[in-house]
Every structure is written in C-alpha cells, then in structure tokens.
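Summary of the model geometry
The lines below spell out each chain.
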Amino acid sequence: SFSFGGHYEPDNTHHGLLLVNNDDRVAPAAGFDTHPHRDMEIVTYVLQGAIWHKDNQGNDARIVPCEVQRMSAGTGILHSEFNQALSGSTHMLQIWIQPAERGLRPGYEQKGFAEADKRGRLRVVASPDGRDGSVTVHADATLRAGLFDGAEQLEMPLDPTRKTYVHLARGE
C-alpha cells in the first residue's frame, strides 16, 4: 500500500504513524528468512492459510486466520516467517506502526478473534490499551477488522483531528 523495499514512491511513504501495510501472499514452503527489525510495532493478520513466526526472543508460533500477532521490535529483534504448508498459499497483512517511543523492550502477543465478533461490525483487534481484549500496540493507533457481506453496512463517525486508513483485503 505504501513505498516499501524495491517499490519506491516518494509521495506515498506512509499515512501518519502507519508506515507499512503489506498485503502479502506467501507461496507454500516459502517465506522470509531471519531478518532484523528495530523500533517498530508490527501487526500480522492472517486471512488465509498459516504463517509460522520464530524469533530470537524464544517465540515460536503458528498464526492462522482470525488471529492477530503483535511484535514490538523495540531495541531489536531477529525473526523469520514461513508458510510451512506443502500446498496452498498464505494471505496475510503485515502492518508496521511507528511506536510512541524508541528503545522499548522487544515483545510479542497473539490473540484470536472469532468471525462472529467481526460480522457486520469493526472489532478492535489492536489498541494502545488492549481494550476489548485486543493486542496492545505501543502507539497511538487502533486497528479494527470487520467482515461484511451483501447488504451489510456500517457507518462510523471519524475524528477529524486523526488520520484514518481503510484497507479492503478481499471483495469489492
């Protein structure tokens, strides 16, 4: 969604604290080898398949649809992500948010959110205070996820003093 890696657009580098919103598809038996991150809040949201996360902090977990993972890179973290399936790709969002402060201790959190809790509404899945059972991000940002079919609609008032970004992951 924004400039990233080999894709560079100087006028499209971020949206407020939202630095990266990668809509990734990871082929079977493929992924991202061990690589570093620092001073970043990274939220992974799996839409289809599964991704295996492993890091130098001892976290070793599989993330599946309806789960959200938050990794606080803080002072530095090394991690890898792989689709260990022999067939079927993984579709996931990787969302990078600038933290409220630099040099935080690295951290990890993962939670599941039932489809029923997102049907026809925007359910908080990440927030600065962990409200409504969401994962806690160390940033002034709230992430919501929703599932809408057919004639379902939602109207949500927006605060004109804040930035809002909407990403349609599937559908029209």
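Above this text is the structure in question.
None of the values given here were measured: they were computed from a predicted structure. (Residues numbered from 1 in each chain as written. Predicted model: local features only at pLDDT ≥ 70, side-chain atom pairs only at ≥ 80, totals over all residues. Heavy atoms only, no water.)

Considering the sheet that holds strand S11 (residues 135-136)
- Spatial ordering of the open sheet is given by S11-S10-S12, a layout of 3 strands whose pairing is mixed. The sheet terminates laterally at S11 and strand S12 (143-145), the two strands that pair on one side only.
- In the sheet, strand S10 (residues 123-127) pairs with S12 via 3 bridges, with the strands oriented antiparallel. Of the residues in S12, the one forming a bridge with Arg123 is Ala145. (Pairing = 2+ DSSP bridges. Helix = DSSP H or I, 4+ residues; strand = E, 2+ residues; numbered from the N terminus.)

Topic: the side chain of Gln69
- With respect to the element layout, Gln69 can be found in strand S6 (residues 67-72).
- Given the relative accessible area of 1%, Gln69 is considered buried.
- Of the polar contacts made by the side chain of Gln69, one reaches the side chain of His53; its length is 3.2 Å.
- With near-sequence residues (within four places) excluded, Gln69 lies in contact with Ile42, Val43, Thr44, His53, Ile63, Tyr108, Glu109 and Gln110. (Buried < 20%, exposed > 50% of the residue type's maximum accessible area, 1.4 Å probe, protein only. Polar contact = N/O pair within 3.5 Å; in protein donor to acceptor, adjacent residues only side chain to side chain. Contact = heavy atoms within 4.5 Å.)

Quick look at the environment of Tyr45
- For Tyr45, the location among the structural elements is in strand S3 (residues 41-48).
- Separated by 24 residues in sequence, Tyr45 and Gln69 place their C-alpha atoms 6.7 Å apart.
- Aside from chain neighbours lying at most four places away, what touches Tyr45 is Glu67, Val68, Met92, Leu93, Lys118 and Ala145.
- Among the polar contacts made by the side chain of Tyr45, one reaches the side chain of Lys118 at a distance of 2.9 Å.

Focus on the nonpolar core
- Core analysis: the biggest nonpolar cluster contains 18 residues, and Val43, Tyr45, Val68, Ile95, Ile97, Val125 and Leu143 have the highest contact counts within it.
- Counting residues per element, the ones that place at least two in this core are S3, strand S8 (90-97), S10 and S12.
- When neighbours within four sequence positions are excluded, Leu143 is seen to be in contact with Val43, Ile95, Ile97, Arg123, Val124, Val125 and Ala126.
- In this structure, Val20, Ile42, Ala73 and Trp96 belong to the second largest nonpolar core, which totals 7 residues. (Core = buried A, V, L, I, M, F, W, Y, C linked by side-chain atoms within 4.5 Å.)

Focus on unusual backbone geometry
- Located in the positive-phi region is Asp39, a residue other than glycine, with phi close to 45°.
- In this fold, Asp39 is placed in the loop between strand S2 (30-37) and S3.
- Exposure remark for Asp39: the relative accessible area of 9% places this residue in the buried category.
- With phi around 80°, Cys66 is a residue other than glycine that occupies positive phi space.
- Structurally, Cys66 can be placed in the loop between strand S5 (60-63) and S6.

Points about the environment of Asp24
- Tracing the chain through its elements places Asp24 in strand S1 (residues 18-26).
- In this structure the C-alpha to C-alpha distance between Asp24 and Ile77, which are 53 residues apart in sequence, comes to 21 Å.
- When residues no more than four places from it in sequence are discounted, the contact partners of Asp24 are Phe32, Thr90, His91, Met92 and Gln94.

Side note on the sheet that holds S1
- Taken together, 5 strands build an open sheet; the order of strands is S1-S8-S3-S6-S9 and the sheet is antiparallel. At either margin of the open sheet sits one strand with a lone partner, and together these are S1 and strand S9 (107-112). Neighbouring strand axes in the sheet, compared pairwise and without regard to direction, differ in orientation by 15° on average.
- Looking at chain direction, S3 and S8 are connected through 7 bridges and run antiparallel. Each bridged residue has a counterpart across the sheet, and for Val43 the counterpart in S8 is Ile95. (Axes fitted to C-alpha atoms, helices over the stretch in contact; angles between N-to-C directions.)

Things to note about the pattern of salt bridges
- All told, the structure shown has 7 salt bridges when counted by the stated rule.
- In this structure, Arg38 and Asp39 form a salt bridge, with 3.8 Å as the shortest nitrogen-oxygen distance.
- Taking the relative accessible area as the measure of exposure, Arg38 reaches 52% and is therefore exposed.
- In this structure, Glu109 engages Lys111 in a salt bridge whose closest nitrogen and oxygen atoms are separated by 3.5 Å.
- Overall, Lys111 belongs to the partly exposed group, its relative accessible area being 27%. (Salt bridge = Lys/Arg side-chain N within 4 Å of Asp/Glu carboxyl O.)

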